[in-house]
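Take a look at the letters that make up each chain.
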Amino acid sequence: MADDLTDLTGLAGDAELDEPAARQTGPSALDVIAEQAIVDLALAEAPDGAPLARAERLARLADARLYLCTPRQPAFDAFLDGVLAPAGGPGVDLIQLREKGLEWRAEAAALGRMVAAGRRHGALVSGNDRADLASVAGVDILHVGQDDIPPATARRLLGPDVIIGLSTHDEDQLAAAIEDPDVDYFCVGPVWPTPTKEGRPGVGLGLVATAVAAAPPFAPGAKPWFAIGGIDAERLDEVLATGARRAVVVRAITGAADPAAAAAALAGRLRAAG
Ligand SMILES: Cc1ncc(COP(=O)(O)OP(=O)(O)O)c(N)n1
Ligand SMILES: Cc1nc(C(=O)O)sc1CCOP(=O)(O)O
Ligand SMILES: [Mg+2]
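Residues numbered from 1 in each chain as written. Chains lettered and ligands numbered in written order. Predicted model: local features only at pLDDT ≥ 70, side-chain atom pairs only at ≥ 80, totals over all residues.

### Brief notes about the overall build of the protein chain
- Regarding its fold elements, the protein chain presents 12 helices and eight strands.
- Put simply, the protein chain has 274 residues, and 42% of those count as buried.
- Of the contacts formed within the protein chain by residues at least 6 apart in sequence, a portion of 62% connects residues at least 24 apart. (Helix = DSSP H or I, 4+ residues; strand = E, 2+ residues; numbered from the N terminus. Buried ≥ 20, exposed ≤ 12 C-beta atoms within 10 Å, placed from the backbone. Contact = placed C-beta atoms within 7 Å.)

This is how it looks when you write it as structure tokens:
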């Protein structure tokens, strides 16, 4: 499979070109077959395409330190292989496709490539917002926000194996996430205001410290959680000083001159913190 953004949507384009004009008002059987083929082709690249069981996903989540949310990138497969943790080395443990406004087929195809890369590296792969795509692409995780599909509804649609993550932005949401049996992990942020999530005010390190007290990282029975928003190499020590041990980043890796080196450096520091 070629390694550029054009190719990510090329398969879907072929199906559209074959469609008679009279039938272009809704999806045809050909559409449905083509859409599934996009995902299947990507998954066929995975050395082990079988979905992971919930226990294995939870074990990997418990050990995770660094979570990357990213839109598709040029030379996407090479980007993924660069940032995802190499065997025994530091890198991204969890990765999410976060690209708003993608058409269904393009998002399914990109998720399929991400799932294949995740299998190559032993990383968990997350969809964002959309349970339908999470199901079709066979992702390990679905991440939802406060205004997205509720975790209980996502659980009903996706079944017991899929990890469900929830964004939280204040103490009440944080407490509710800890109590919610359908939420497997939560995120706390944005710690600092960030252009990646415009309009959402920064919650500051105080809410991160509240999360440390409520769900101490790696304490038996404590739900895993990640600090997110404005975190980069300069600010990481401030986050670690609260006791937080897991972080989500976007720009700190996608905006770096060398994304693979940035991922390895952040992951190494998170692991070294304990
Ligand atoms: C891992 C992770 N944490 C937080 C978010 C943000 O979710 P949400 O508040 O729903 O905002 P959008 O990403 O949908 O714009 C996330 N996606 N992933
Ligand atoms: C996607 C997202 N969600 C947030 C939340 O607080 O829920 S902050 C955020 C963006 C984080 O991007 P960056 O690392 O570039 O600041
Ligand atoms: Mg969302």
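Still to come is the rest of the account.
### A short note on the UniProt feature "binding site: Mg(2+)" (unreviewed entry) in the protein chain
- Taken from the UniProt record, the annotation "binding site: Mg(2+)" (unreviewed entry) applies to D129 and D148. Look at the named residues: they lie 20 residues apart in sequence, but the longest C-alpha span between them is just 6.2 Å, so in the fold they bunch up.
- With respect to the element layout, D129 can be found in the loop between β3 (124–128) and α6 (131–137).
- Its 17 C-beta neighbours within 10 Å are what place D129 among the partly exposed residues.
- Filtering out sequence-adjacent residues up to four positions away, D129 remains in contact with V144 and D148.
- A residue is classified by how many C-beta atoms lie within 10 Å of it, and D148, with 17 of them, is partly exposed. (UniProt positions renumbered as here; feature names shortened; annotations may be inferred.)

### Quick word on the site of ligand 1
- Around ligand 1, 14 residues are found, and the nearest of them are H143, G145, S167, C187 and V248.
- Counted by class, the shell around ligand 1 contains five nonpolar, six polar and three charged residues. (Near = placed C-beta within 6 Å. Nonpolar A, V, L, I, M, F, W, Y, C, P; charged D, E, K, R; others polar.)

### Observations regarding the site of ligand 2
- Close to ligand 2 lie 17 residues; G189, T194, T196, V250 and R251 are nearest.
- Residue composition of the shell around ligand 2, grouped by class: eight nonpolar, six polar and three charged.

### A look at the pairing of strand β1 (residues 66–70)
- In terms of residue burial, β1 counts as a mostly covered element, since five of its five residues are buried.
- A two-sided burial pattern is seen for β1, the buried positions comprising L66, L68 and T70 on one face and Y67 and C69 on the other.
- For β1 and strand β8 (residues 247–249), the ladder comprises three bridges, and the chain directions are parallel. Among the inter-strand pairings, L68 is bridged to a residue of β8, identified as V249.
- The pairing of β1 with strand β2 (residues 94–97) spans four bridges and is classified as parallel. The residue bridging C69 from the neighbouring strand is Q96, located in β2.
- Handedness of the crossover joining β1 and β2 through helix α4 (residues 76–83): right-handed. (Pairing = 2+ DSSP bridges. Right-handed = clockwise from strand over helix to strand, strands pointing away.)

### Let's talk about the packing of helix α8 (residues 171–179) against helix α9 (residues 204–214)
- Between α8 and α9, the shortest axis-to-axis distance is 11 Å and the interhelical angle comes to 25°. Of the possible angle classes, the one that applies to α8 and α9 is roughly parallel. Two packed elements cross with a definite hand, and for α8 against α9 that hand is right-handed. On α9, the residues that touch E171, L174 and I178 of α8 are L207, T210, A211 and A214.
- Grouping the amino acids of the contact of α8 with α9 by side-chain chemistry returns five nonpolar, one polar and one charged. (Axes fitted to C-alpha atoms, helices over the stretch in contact; angles between N-to-C directions. Parallel < 35°, antiparallel > 145°, perpendicular 65-115°, else oblique. Left-handed = near helix turned anticlockwise from the far one by under 90°.)

### Structural notes on the pairing of β3
- Counting buried positions over the five residues of β3 gives five, a clear majority of the element.
- With burial as the criterion, each face of β3 is covered, one bearing L124, S126 and N128 and the other bearing V125 and G127.
- Looking at chain direction, β2 and β3 are connected through three bridges and run parallel. Along β3, the bridge assignment pairs Q96 with S126.
- Each parallel crossover has a hand, and for β2 linked through helix α5 (residues 104–121) to β3 it is right-handed.
- Of the strand pairs in this sheet, β3 and strand β4 (residues 141–144) are connected by three bridges, and their pairing is parallel. Following the sheet pairing, S126 is matched in β4 by I141.
- The handedness of the β3 to β4 crossover, carried by α6, is right-handed.

### Digging into the confidence of the model for the protein chain
- Taken residue by residue, the protein chain gives an average pLDDT of 88. The fraction at 70 or more is 82%.
- Counting contacts from residues 1–24, a segment whose pLDDT is below 50, to residues more than four positions away or on other chains yields 37 contacts.
- What the predictor reports for the complex is a pTM of 0.88 with an ipTM of 0.99. (pLDDT = per-residue confidence, 0-100.)

### Observations concerning unusual backbone geometry
- That bond from G189 to P190 is cis: its omega, -5°, falls within 30 degrees of zero.
- With respect to the secondary-structure elements, P190 resides in the loop between β6 (185–188) and α9.
- At A75, a residue that is not glycine, the phi angle is positive and equals roughly 50°.
- When you line up the elements, A75 lands in the loop between β1 and α4.
- One non-glycine residue, D129, lies in positive phi territory at about 75°.

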